Amino acid sequence: MTTVLVIDDSPSEMAKFRDILAKNNYQVLEATNGEQGCQMAIDHLPDVILMDVVMPEMNGFQATRKITRGKTTSHIPIIMISTKNQETDRVWGKRQGAKEYITKPIDESGLVQIIRRVME
């Protein structure tokens, strides 16, 4: 079973991701901030990571950079998912190592397609 680590500080967004991913037969791991997410990526080595951008302490850009440059985690594809929809945010997210950058609100079928694509 494919494991997806969701890093998002919003309980309502987390519930939405949990429902979508479980319905599509993904195992879900949850982290509520960037620091916790980075540690869970090291501890569990998920197949893919869904990363929010705006979070307290360590934001999604910082966490993405840390994971994609880590020795044991650099192979894990990261999909950034944010309300920040400016082209500069997309470019910056990809520069930090994200494979994809999509904006909220998310489309369920689109999300599942993107997860499959980044894992190829």
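Computed from a prediction, not measured in an experiment: that's the story for all the values here.

**Examining unusual backbone geometry**
Reasoning step 1: A cis amide bond links Lys104 with the next residue in sequence, Pro105, at an omega value of 0 degrees.
Reasoning step 2: Notably, Leu45 is not glycine yet its phi reads approximately 45 degrees, a positive angle.
Reasoning step 3: Following the sequence through the fold, Leu45 ends up in the loop between helix H2 (34-44) and strand S3 (48-51).
Reasoning step 4: Look at Leu45 and you get partly exposed, because its relative accessible area is 39%.

**Side note on the packing of H2 against helix H3 (residues 60-68)**
Two measures define how a pair of helices packs: the angle their axes make with one another and the distance between the axes.
Reasoning step 1: Look at H2 against H3: their axes get within 9 Å of each other, and the N-to-C directions meet at 20 degrees. As the angle between them shows, H2 and H3 are arranged roughly parallel. Here H2 runs over H3; the crossing is right-handed. Packed against H2, whose contacting residues are Gly34, Glu35, Gly37, Cys38 and Ala41, the element H3 presents Ala63, Lys66 and Ile67 at the interface.
Reasoning step 2: Across the contact of H2 with H3, the residue classes tally to four nonpolar, two polar and two charged.

**Brief notes about the sheet that holds strand S5 (residues 100-103)**
Reasoning step 1: Reading across from one edge, S2-S1-S3-S4-S5 is the order of the five strands in this open sheet, with parallel pairing throughout. Bordering the open sheet on either side are strand S2 (27-31) and S5, each of which pairs with just one other strand. Strand after strand, the sheet turns through a mean of 20 degrees between neighbouring axes, direction not considered.
Reasoning step 2: Pairing of strand S4 (residues 78-82) with S5, which is carried by four bridges, proceeds in the parallel orientation. Note that in S5 the partner of Ser82 across the bridge is Thr103.
Reasoning step 3: Against the sheet, helix H1 (residues 11-23) makes contact with strand S1 (3-7), S2, S3 and S4, and its axis sits at roughly 165 degrees relative to S2, the strand it touches most.
Reasoning step 4: Its contacts with the sheet put H2 on S1, S2 and S3, and the angle it makes with S2 is roughly 140 degrees.

**Some words on the packing of H1 against helix H5 (residues 108-119)**
Reasoning step 1: Viewed as axis vectors pointing N to C, H1 and H5 meet at an angle of 65 degrees, and their least axial separation amounts to 11 Å. By the criterion of interaxial angle, the relationship of H1 to H5 is roughly perpendicular. With respect to the hand of their crossing, H1 and H5 are arranged in right-handed fashion. On the side of H1, the interface is formed by Phe17, Ile20, Leu21 and Lys23, while H5 contributes Glu108, Leu111 and Ile115.
Reasoning step 2: Partitioning the contact of H1 with H5 into residue classes produces five nonpolar, no polar and two charged.

Rules used in this analysis
Residues numbered from 1 in each chain as written. Predicted model: local features only at pLDDT ≥ 70, side-chain atom pairs only at ≥ 80, totals over all residues. Heavy atoms only, no water. Helix = DSSP H or I, 4+ residues; strand = E, 2+ residues; numbered from the N terminus. Buried < 20%, exposed > 50% of the residue type's maximum accessible area, 1.4 Å probe, protein only. Axes fitted to C-alpha atoms, helices over the stretch in contact; angles between N-to-C directions. Parallel < 35°, antiparallel > 145°, perpendicular 65-115°, else oblique. Left-handed = near helix turned anticlockwise from the far one by under 90°. Contact = heavy atoms within 4.5 Å. Nonpolar A, V, L, I, M, F, W, Y, C, P; charged D, E, K, R; others polar. Pairing = 2+ DSSP bridges.

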